[in-house]
Each structure stands twice: as structure tokens, then as C-alpha cells.
2 protein chains.
Amino acid sequence: MSPIPGPPVRVTAVDTYDIRFPTSRELDGSDAMNPDPDYSAAYVVLRTDAADGHEGHGFSFTIGRGNEVQVAAIHALRDHVIGRSVDELCADPGTLNRDLIGDSQLRWLGPEKGVMHMAIGAVVNAAWDLTAKRAGKPLWQLLADADPEWLVSQIDFRYISDALTPDEALDILRRGRAGAEDRRTRLLERGFPAYTTSAGWLGYDDEKLTRLAVQAVRDGFRQIKLKVGADLDDDIRRCRVARSAVGPGIRMAIDANQRWDVDEAIRWTKALTEFDPYWIEEPTSPDDVLGHAAIRAAVAPVKVATGEHVQNRVVFKQLLQAGALDILQIDAARVGGVNENLAILLLAAKFNVPVCPHAGGVGLCELVQHLSMFDYLAVSGTTDDRVIEYVDHLHDHFLDPVVIREGHYMAPTTPGFSATMRPESIARYTFPGGTFWAADLNSQKGHAA
Amino acid sequence: MSPIPGPPVRVTAVDTYDIRFPTSRELDGSDAMNPDPDYSAAYVVLRTDAADGHEGHGFSFTIGRGNEVQVAAIHALRDHVIGRSVDELCADPGTLNRDLIGDSQLRWLGPEKGVMHMAIGAVVNAAWDLTAKRAGKPLWQLLADADPEWLVSQIDFRYISDALTPDEALDILRRGRAGAEDRRTRLLERGFPAYTTSAGWLGYDDEKLTRLAVQAVRDGFRQIKLKVGADLDDDIRRCRVARSAVGPGIRMAIDANQRWDVDEAIRWTKALTEFDPYWIEEPTSPDDVLGHAAIRAAVAPVKVATGEHVQNRVVFKQLLQAGALDILQIDAARVGGVNENLAILLLAAKFNVPVCPHAGGVGLCELVQHLSMFDYLAVSGTTDDRVIEYVDHLHDHFLDPVVIREGHYMAPTTPGFSATMRPESIARYTFPGGTFWAADLNSQKGHAA
């Protein structure tokens, strides 16, 4: 090697891909609000001129139409990333996070919500993937090994300092170190508890629901989830079928996917209480902090859960302040990436609310497991009443797919954020030019002719 | 005319334009959060095959970078619009509104917030422009003439029925009819009160601030507004200068453009109280309902105003439920268009909170005046404590620009929503291919060479 230092290593490209899977054809993923999703990823790869060849991969998850808008939003961020020193980026992804959120012209399109904010999340998560790959650690381990002071420096406290100060965050992280080594050992042996939604899609008939629910329990899951909210009589029947299939000892969550107004949510949930639902998820608009608080007060002891569509830390802060939540459901790809999810995990810890992530879709399981494992090792210190959603879709498109054993997520050991999609999947499912879609569109033309 | 009916008239095209004005070069529009906006419009034209030649014009307002993402979002909606019967669309724009909000795949990108929701607003507003043009009325008049039942049918009550039911909305609109004819006469004579922000941009020095503030009072404005929030000492000086320029009888609002956390907002506002600010606008995140409530409780009698970045009716509902607002600031182009703004006007009426619209930017004054005039004629029935923001930028790019007389918006009489931009402005400021930008980019290349 030459003793003269070479030019600094830079990010050289921010490449985007519009990747769509035709999941609507099987009614996988169907619920009361989303009858026919085509699970999709607005996918981004940060490339560098480093000799190590590492790339940072990230994505926003969407359900089909509009994925091109999400890709355009990621593309709009490229000038903030290209040319950055890779050493500086990986030493402090928080600066990239702040620069992206702070672009005053792009901020107008949110602020910190919707398409632009999910795009920031994709790019920031890609930076963390690169950081972890270069550190040679899975992301959960990189975060759990990090100094509390450094983790606090990664958080944007703007708009949450009335609920969580940097000093409070530091205290939580310092306390979190006690016993972390024992927890790491347990995590590597046992994994992190999962629950499964695979049985409960609205598009499945009672026979399939029963079969999949029984199988879930046999597979070691201690919690299942059912979609509800389209038709009350159907929901009563399906809850009865599912409860009878799994027996009384298994937790059964129900999920309305924002279908109801406040009063309707209360009535409907009460009508299902006899089947002992553990939580009611997304009973109404994810924007309605006060509505969730009213619902929670009315439906107890059924717990209230939400978060997969909660746009940012400011809304999570209020859900906690208002006592609107029993269960906080982070999503790895909805908010502004790892940095904002660190803030949300610490807010949840401050308010003593368990975090049970949303997952499924494309790659959401792969990402979010890292955050829960960090939460267990370094923040909450427990897996009691904590479960990560698991859906058995589309994992084989990833190089480092999740591993589920006896109803637990096994800790990934490959360096990175488990975000890297197989090149052949990208080539096949890129829309509309990938081999799958090109053939599909061609055959539709054939039918039309 | 032939007695045989022809084929139904349809929407034939949804054309989009990326239009950007180089306003950052003059520091017009500079505030503590937005130091260098390039006022822009993601512009949409609905074309039909009707013989009358009417088009529906609408837009999202942005401040520069990312306008192409906003254009892509509008483009993503085109299949919901093209081919629609124009008669049906104009008889019931609410169905288009519900169809756009209800697209389950696109909904994932919000829901009802950010880029996708602003895109829906642009398309829905364009449909209302077309509706009003075909009716031969300015939009304010079309709305004020409409049956209360029909207006209620235009509103999506989802997620707000716990605060406002269709029956309550109907009652408000029926009561609003009393005296409407007298108010229409007064409106046509006197116009609707305005306040001006033209004096108070952060980028202006004290001399320019004084000169413009004095001029505003001479021009008949009874309220001005100052941007604050970058530096407290500067703000104290500028508030003193402005108060001394206008005297004690003129209302002086201050606007922090979301710069502060909750505690900071309280401290900073109190430090400016000696200059008798009428309202503090956007003291913190527009998402922070509970934060606004805390600020309002602490800074009274200074009023709290927000809304230009409030994403939808669900957040406005909560701001009202929580008693977080003294002044509700609708924006014509942030939420999902006229239909959602009808809901917001009625929510404000239910909670007895005056509506003082945000305007400025590109074309926001042109649009929002129609909504305030409708509010005066048919909902609130008063202009007491109601003022529409006025900024004297970029009006000459519109075919039917606002007319201000003695500090009042004069009621437009041209049919439509005043949204139509001059063709020559579109040709000049389309980015990057319009004549202005092509020459500008060319000259930059020259400098670089």
C-alpha cells in the first residue's frame, strides 16, 4: 500500500429503482382499507468509490400505484448525498439526517410527513446500512455497542424537547447498559418474539383462516392477528373461528387499518370484546391523537395500538403525552429513518409503553428486527409484552432474509441493515421494464388485441 | 343545434407543468424557516372536449426544489380524472374528491397528507374551477348560492364525525342563509378585509421595514405581520421599529414559521409581548396539537394562529377540540381542495373560531379569497376579526389577479376560481425548459466555462 493517502472516499451515486411485486393477485395483504396491494419498494442504493465495494441499501415501502412518485422523491435528495465523504457520513449519519430534514425548499412538501419524509427515511436507512456494513456488524449490534453520548447526538430533538430532553435520553441509554451482555447472549440463543399476521387477511376464507391459525400456534407463535373492519358480522364470525382455532392461551390482536371514526371504533371493538382481543390496531386515522385517547378510554381492557402510519416523532410524542396508546408500533420505513426511530424508541421508554413494530410488506421485517433488538439490548431491556409482526411474504428477495424459529426472529449476523435485495429480484420486478412486468404488460396487450 | 344529443362531454387530458419563479434572488418571502424560497406551482389543467372551451386550472404551491415531485404526484392521479363525464364531475366534485382520497394504493403514501394530498388538492381545485367557469360564476358565488344539502354532500365526514356531524353542518349552513343578501351587497361594495405581510420579511432591513409598514397603513391595512424566530434581539428591535412605525391602533401579528419547540415558543413570545402582538403564528410544528394548546395557555392574551401547514381536517379538528387555536388559518392549496376546506370552515364555525387564511406564495391569494367570501356570506356571517393575508407578489401572472382596495380584497366577478395563469408566464417560467430558466441555466454555464 502507498504511504501517501489517496483521495477521500465519496458517495458517487444515488441510484433509484421502482420495484413492484404483483401481490394483489393472491389477496395476500388484503385488509379493510387496502383490498388489493401490490407490495412495492422505492429502492435506493448509495454507491461509493471505496475499494471495499460496500453499498448502502434502503427503501420506502409502498403498495403499488404511486411508487414512481416515491422514487422521484428519493431522487430529489441525491444532491445532499452525492460527494459526501463516506468516512464522515458513517461516523455521523445524524448530520445527513438533519441536512435532509432541513432542506428548506423540500421541507415545504411535508414538513416531515408523507412522500418526502419516507424518501428521507429510505436514504437515511441506506446510510446506516452502509455504516453497519463498513463496521462489519449487523445494525442492531452496531447500535447496541455505541456510546450513549453518540446515540444521543444522532437524534433530532426538535419538537420533542417538551417530552424528552437530551439528558433524559442519555439517562435512559446509560441505564440500558446494565445487563446488556446477558441479554445479548439470550438474544443470540432465543431470538426476539414474533407474532404472525399471515392467518388473518380479510381475503382468506374460514377454512384457510383456521388452518393457518392452527399452524401458527404449532410453529411456536404466541400471538396472531386478524384484520377486521369491513363487516361486523363477518368479523364476529372470523374472530370466533380464530379464537376457537387457537384456544384461550394465545393472544389475538385485531387490526382495523384506520377504517373507523371514533364512535364507530368504540362500538365495533366492544362488539368483538367477547373474543378477548389483545389489542385493537389502527382503530381510526393515524393523525387522530385525541381520537385514539378517547377510544382507549372506552375500550379498555382491550389495548390500543398504532404507529405504522404515524408520520413522525411529533405525533408519537403526542400519542404518548395524551395517554392514547398501550402499544407503540414503529415502522422502519415510514418515518425519517433510524435516527428518528431512535427518538421514538426513547420516547416510548420514557413513557413506559412497549414497542411492537409493524412489519410485513416488502423488507419491513428485515429492517425493523434490528431496531427491536437494539431496544431490547440497550433501551427497554426486556421482551415482555414485546413482539415484532411477522408476515411470510417476499423474504426470498433479500440477500439476508429474516430467520424465524419457534415464533422468534433470530438475530441477524450479516453486517448491515438486512436491506439488500437480490439483484435478480430487482431485475425481474422493476416496473415497468423488468422481465416480469414487461412480459405481463405484453401478455395484457395480447389479450386486448 | 341538433336535437339529437351528442356523445357525452369528457375530461380528455390532465396536463401538468413545473413552474418556478426565481423569488429567492430578492429575498421576498424570507422567514426564519424558509430563507430562500423560489415560489413555485405544480400546475394542472383539466381539458375537455366540450365546445365551450372551458378548462379547469389548479395547482399545488411549493417553494422550489421538489416541485417536480409534486408534479409527479398530480400526474399519478390522471387515470381517476381522464374520461370522466364533465356534467357529472361538475354536478358533484365531491365524488372525484372521494375517489382520489380513496385510492387505496395511493393512500398508503399519506394518508391524506404531504405531497399526495396536496396533489389531490390541486386536481380537486381544478375541478371546482371548471365547475364555476361552466356555471358562469366566481367560485365564492357558486358556493354561496348552493343548497346547504348539496354543500353537505360535498364533504367527507370520515374522521371528523366525533366533532361535526352532517346534521350539524346542515344546521350551520341553514342558519348562515339569514342576511346573506345584505352581506353580498356589502361584500361587492367594500370587499373582505386583508392584512399585509409585505413589510415584514426577515430579509428586509429596518429602513425598508419602516417604509413598507407606514405605506401599508396609508394603503388602508389595519393589520401587518412580521416574521420572527431567527434571533431574539433582532426580533425585539424589528418589533419595536414596526410598532413605532404603525402606532398603537394597528394590529401587528408575528409569525415564527415553526421555528420553536414548545418551551422556546412560550419564552420568545413572552419576550415580544410588550410590543402588543395580536397573534403568534406557527409557533411550533404544525403537527403538534398538544404543543399549541400548551403555548396558547401560556402566552394569552397573545392569540395563537396556525394552519398553513396543517395537513388535513383531522388535525384541524383536534386543534379545535383541544382549544389550541384562537385563529384558524386555512390554506387553499395544502389540504385536499375545496371539499376539505368546506369541512374545515364548518368545523371552525362549530367551535366559534375565526378563519384568517394564509395566502401569498403564487396564486394563494387568488384562490383563498373565494373561500373567505363564502365563509362570510354563508357560514360565519361576519368579517369581525377575519382578515385574509395579502402579499403583493406574482399576481400579474394570473388572468384574474386579486384586486386590493383600501386594505380589502374586492370580490372577483370573473367565473372560476381565479386560478388560471397567463400562458406567457407558463411558457417563461416552466422549469427547466421555459425561456427564463433556459436562458438562466445557459448563462450559468457561461459563467462556469
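Per an unreviewed UniProt entry, chain A goes by L-fuconate dehydratase and derives from Streptomyces hokutonensis. In the Cofactor (unreviewed entry) part of its UniProt record, chain A is described as follows: "Mg(2+)".

1. Brief notes about unusual backbone geometry
Residue and element names in this part refer to chain A. The residue after Gly110, namely Pro111, is reached through a cis peptide bond having omega -10°. Summarising the element assignment, Pro111 is placed in the loop between helix H4 (104-107) and helix H5 (114-135). With an omega of -5°, the peptide bond running from Phe431 to Pro432 counts as cis. Residue position: Pro432 is located in the loop between helix H17 (423-429) and helix H18 (435-448). Notably, Glu112 is not glycine yet its phi reads approximately 55°, a positive angle. Tracing the chain through its elements places Glu112 in the loop between H4 and H5.

2. Examining the sheet that holds strand S2 (residues 40-48) of chain B
Residue and element names in this part refer to chain B. Within the open sheet, the three strands sit side by side as S1-S2-S3. Their pairing is antiparallel. Pairing within the sheet leaves two strands with one partner each, and these edge strands are strand S1 (11-20) and strand S3 (56-62). The average angle at which neighbouring strand axes cross in this sheet is 15°, direction not considered. In the packing of helix H1 (residues 67-75) onto the sheet, the strands contacted are S1, S2 and S3, and the crossing angle to S1 comes to about 175°. Its contacts with the sheet put helix H5 (residues 114-135) on S2 and S3, and the angle it makes with S3 is roughly 150°.

3. A word on the interface of chain A and chain B
Contacts between chain A and chain B engage 63 residues on the former and 63 residues on the latter. Where chain A packs against chain B, one counts six salt bridges. Among the ionic pairs, Lys317 of chain B bridges to Asp288 of chain A, the shortest N-O distance being 2.5 Å. For the pair chain A and chain B, the number of links is 39 residue pairs in polar contact (both at pLDDT 80 or more).

4. Comments concerning the side chain of Ser285 of chain B
On the secondary structure map, Ser285 of chain B appears in the loop between strand S7 (277-281) and helix H13 (289-299). Looking at Ser285 of chain B, its side chain comes within polar contact range of the main-chain nitrogen of Asp287 of chain B, at 3.0 Å.

5. What to know about H1 of chain B
The buried fraction of H1 of chain B is high, at seven of nine residues. Inspection of H1 of chain B places Asn67, Val69, Gln70, Val71, Ala72, Ala73 and Ile74 of chain B among the buried residues, and these make up the whole buried set.

6. Some words on the nonpolar core
Counting 292 residues, the largest nonpolar core has Leu143, Leu328, Phe374 and Tyr409 of chain A together with Leu328, Phe374 and Tyr409 of chain B as the members making the most contacts within it. Each residue touching Leu328 of chain A, except ones within four places of it in the same chain, is listed here: Thr306, Phe316, Leu320, Ile344, Ala348, Val353, Pro354, Val355 and Cys356 of chain A.

7. Describing the relation of the copies chain A and chain B
Superposition of chain A onto chain B requires a rotation of 180° combined with a translation of 0.0 Å along the rotation axis, giving an RMSD of 0.0 Å. The symmetry that links the two subunits is that of a two-fold axis. Considering only C-alpha atoms, the residue of chain A closest to the rotation axis is Gly114 of chain A, which sits at 2.4 Å. When the interface residues of chain A are mapped onto chain B, 100% of them are again interface residues, pointing to one common binding face.

8. A look at the packing of aromatic side chains
Residues and elements named next belong to chain B. All chains considered together, the criterion is met by 32 aromatic pairs over all chains. Ring geometry for Phe21 against Tyr429: centres 4.7 Å apart, planes inclined by 45°, an arrangement best described as tilted. Of this pair, Phe21 sits in the loop between S1 and S2 while Tyr429 sits in helix H17 (residues 423-429), and the two are 408 residues apart along the sequence. Under the relative-accessibility criterion, Phe21 is labelled buried at 2%. Where Tyr390 meets Tyr409, the ring centres are 6.0 Å apart and the plane angle is 90°; that geometry is what we call edge-to-face.

9. Re the environment of Ala194 of chain B
Residue and element names in this part refer to chain B. Relative to the assigned elements, Ala194 resides in strand S4 (residues 192-200). A C-alpha to C-alpha distance of 23 Å links Ala194 and Ala41, two positions 153 residues apart in sequence. Leave out the neighbours within four places in its chain, and Ala194 touches Phe221, Val387, Ile388, Tyr390, Gly407, His408 and Tyr409.

Thresholds, definitions, all that
- The residue count restarts for each chain, going from 1 along the sequence in the order it is written.
- Here the convention is simple: chains get letters from A, ligands get numbers from 1, in the order in which they are written.
- Note on the predicted model: pLDDT of at least 70 is required for a residue's local features to be given, and 80 or more for side-chain atom pairs to be given and counted; whole-chain, interface and lining totals, by contrast, use all residues.
- Side-chain measures here rest on the full set of heavy atoms in the structure, leaving out hydrogens and waters.
- UniProt positions are given in the numbering used here, feature names are shortened, and annotations may be inferred rather than shown by experiment.
- Segments assigned H or I by DSSP are reported as helices when at least four residues long, segments assigned E as strands when at least two residues long, and all are numbered from the N terminus.
- Strand pairing requires that DSSP identify at least two bridges connecting the strands.
- What counts as an axis is a line fitted to C-alpha atoms, over the stretch in contact for a helix, and the angles between N-to-C directions run from 0 to 180 degrees.
- In this description, contact between two residues means that some pair of their heavy atoms is separated by no more than 4.5 Å.
- Salt bridges, as used here, are contacts in which a Lys or Arg side-chain nitrogen is within 4 Å of a carboxyl oxygen on Asp or Glu.
- Counted as a polar contact is a pair of N or O atoms within 3.5 Å, where, for protein atoms, one must be capable of donating a hydrogen and the other of accepting one, and residues adjacent in sequence contribute only when both atoms are in side chains.
- Burial classes follow relative accessibility: with a 1.4 Å probe on protein chains only, a residue under 20% of its type's maximum area counts as buried, one over 50% as exposed, and anything between as partly exposed.
- We define the nonpolar core as a collection of buried residues of types Ala, Val, Leu, Ile, Met, Phe, Trp, Tyr and Cys that are connected through side-chain atoms lying within 4.5 Å of one another.
- The atoms used to superpose the copies are C-alpha atoms, taken from residues with pLDDT of at least 70 in both, and the fit is least squares.
- The aromatic pairing rule takes the rings of Phe, Tyr and Trp, using the six-membered ring of Trp, and pairs them if the centres are within 6.5 Å, calling planes under 30 degrees apart stacked, those over 60 edge-to-face and the rest tilted.

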